[in-house]
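Coordinates in review
Below, each chain spelled out in residue letters.
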Amino acid sequence: MSQLTRRTVLRFAAFCAAVPFGAIPARADSHVTNHVVVIKNMRFSPADLTIKAGDTVTWRNEDDTAHSAWDVNDVFDTGLLLPGQSAALTFSAAGTFSYRCRPHRSMRGTITITR
Ligand SMILES: [Cu+2]
């Protein structure tokens, strides 16, 4: 992945982190989709997700312990999500990200972004 792509994703991640969940205005672009990855029973579901550039992914912790979604190359990190908490990130460029839960590194997932 190019450095430019990484910076773009990071900028989006920082932007989203600064905006309360739900406050991001809907875009006129009708193909933008919000995908939900549920964290439950020590796993991400779906673990492997394919989305389009511009889409948002929300990780929602429905487990009874804290989890996170942490990109193995440190491109993004939701930080620890307590039970009931969510974090949303928008992915602006095509690419593939492998992520894990930081406290439970056997928990793994991938996000594939297509154009
Ligand atoms: Cu975990």
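Structural notes, computed from the coordinates. (Residues numbered from 1 in each chain as written. Predicted model: local features only at pLDDT ≥ 70, side-chain atom pairs only at ≥ 80, totals over all residues. Heavy atoms only, no water.)

1. A look at the environment of Ile 39
What counts here: Secondary structure is summarised from DSSP: a helix means a run of H or I of at least four residues, a strand means a run of E of at least two, and numbering begins at the N terminus for each. Whether a residue is buried, partly exposed or exposed follows from its accessible area with a 1.4 Å probe, protein chains only, as a fraction of its type maximum: under 20%, in between, or over 50%, in that order. By definition in these notes, contact holds between two residues if any of their heavy atoms fall within 4.5 Å.
Inspection of the secondary structure assignment puts Ile 39 in strand 1 (residues 34-40). Given a relative accessible area of 0%, Ile 39 falls into the buried group. Remark: the alpha-carbon pair of Ile 39 and Ala 69, spanning 30 residues in sequence, is separated by 9.5 Å. Sequence-distant contacts of Ile 39, defined by excluding residues within four places in its chain, comprise Phe 44, Trp 59, Arg 60, Asn 61, Glu 62, Asp 63, His 67, Leu 81 and Met 107.

2. Description of the pairing of strand 8 (residues 108-114)
What counts, and what does not: Two strands are counted as paired when DSSP detects at least two bridges linking them.
With burial as the criterion, only one face of strand 8 is covered, namely that bearing Gly 109, Ile 111 and Ile 113; the residues Arg 108, Thr 110, Thr 112 and Thr 114 on the opposite face remain uncovered. The pairing of strand 3 (residues 48-52) with strand 8 spans five bridges and is classified as parallel. Within the sheet, the bridge partner assigned to Ile 51 lies in strand 8 and is Ile 113. Bridge analysis of strand 7 (residues 95-100) against strand 8 gives six bridges, and the strand direction is antiparallel. Each residue of the ladder has a partner; that of Gly 95, found in strand 8, is Ile 113.

3. Some thoughts on the coordination of the copper ion
Just so we agree on the cut-off: Distances decide who is a donor: an N, O or S atom must be within 2.8 Å of the metal, or within 3.2 Å for Na, K and Ca. Water is not included, so sites may look incomplete.
For the copper ion, the protein coordination sphere consists of His 67 (ND1), Cys 101 (SG) and His 104 (ND1), at 1.9 to 2.1 Å. Read in sequence order, the donor residues for the copper ion give the motif H-x33-C-x2-H. Pair noted here: His 67 is in the loop between strand 4 (56-61) and strand 5 (70-71) and His 104 is in the loop between strand 7 and strand 8, with a separation of 37 residues, a long-range link. Since its relative accessible area comes to 0%, His 67 is described here as buried.

4. Regarding the nonpolar core
Rules: Definition of nonpolar core: a set of buried residues of the types Ala, Val, Leu, Ile, Met, Phe, Trp, Tyr and Cys, connected through side-chain atoms within 4.5 Å.
Counting residues in each nonpolar core, the largest one holds 21 residues, and the members touching the most others are Phe 44, Val 57, Trp 59, Phe 76, Phe 91, Tyr 99 and Ile 111. When residues of this core are traced back to their parent elements, those giving at least two are strand 1, strand 3, strand 4, strand 6 (86-90), strand 7 and strand 8.

5. Considering the sheet that holds strand 5
Pairing is mixed across the open sheet formed by four strands, whose spatial order is 3-8-7-5. Of all the strands in the sheet, the pair left with one neighbour each is strand 3 and strand 5. Across two bridges, strand 5 lies against strand 7 in antiparallel orientation. Bridged to Asp 71 within strand 7 is Tyr 99.

6. Quick word on the side chain of Thr 78
Rule in force here: Pairs of N or O atoms are called polar contacts if they sit within 3.5 Å, as long as, within protein, a hydrogen donor faces a hydrogen acceptor (for residues adjacent in sequence, only side-chain-to-side-chain pairs).
Here Thr 78 is to be found in the loop between strand 5 and strand 6. In this structure the side chain of Thr 78 is engaged in a polar contact, spanning 2.9 Å, whose partner is the backbone nitrogen of Ala 69. Discounting chain neighbours no more than four positions away, the residues touching Thr 78 are Trp 59, Ser 68, Ala 69 and Ala 87.

7. A closer look at the sheet that holds strand 1
Put simply, the test is: Axes, fitted as lines to C-alpha atoms, cover a helix only where it is in contact. Angles between the N-to-C directions of the axes lie from 0 to 180 degrees.
With mixed pairing, the four strands of this open sheet are ordered in space as 2-1-4-6. Every interior strand has two partners, whereas the edge strands, strand 2 (43-45) and strand 6, have only one. Strand-to-strand twist of the sheet, defined as the mean angle between neighbouring strand axes without regard to direction, takes the value 20°. Bridging between strand 1 and strand 4 involves six bridges; their strand directions are parallel. Bridge assignment links Val 36 to a residue of strand 4, and that residue is Thr 58.

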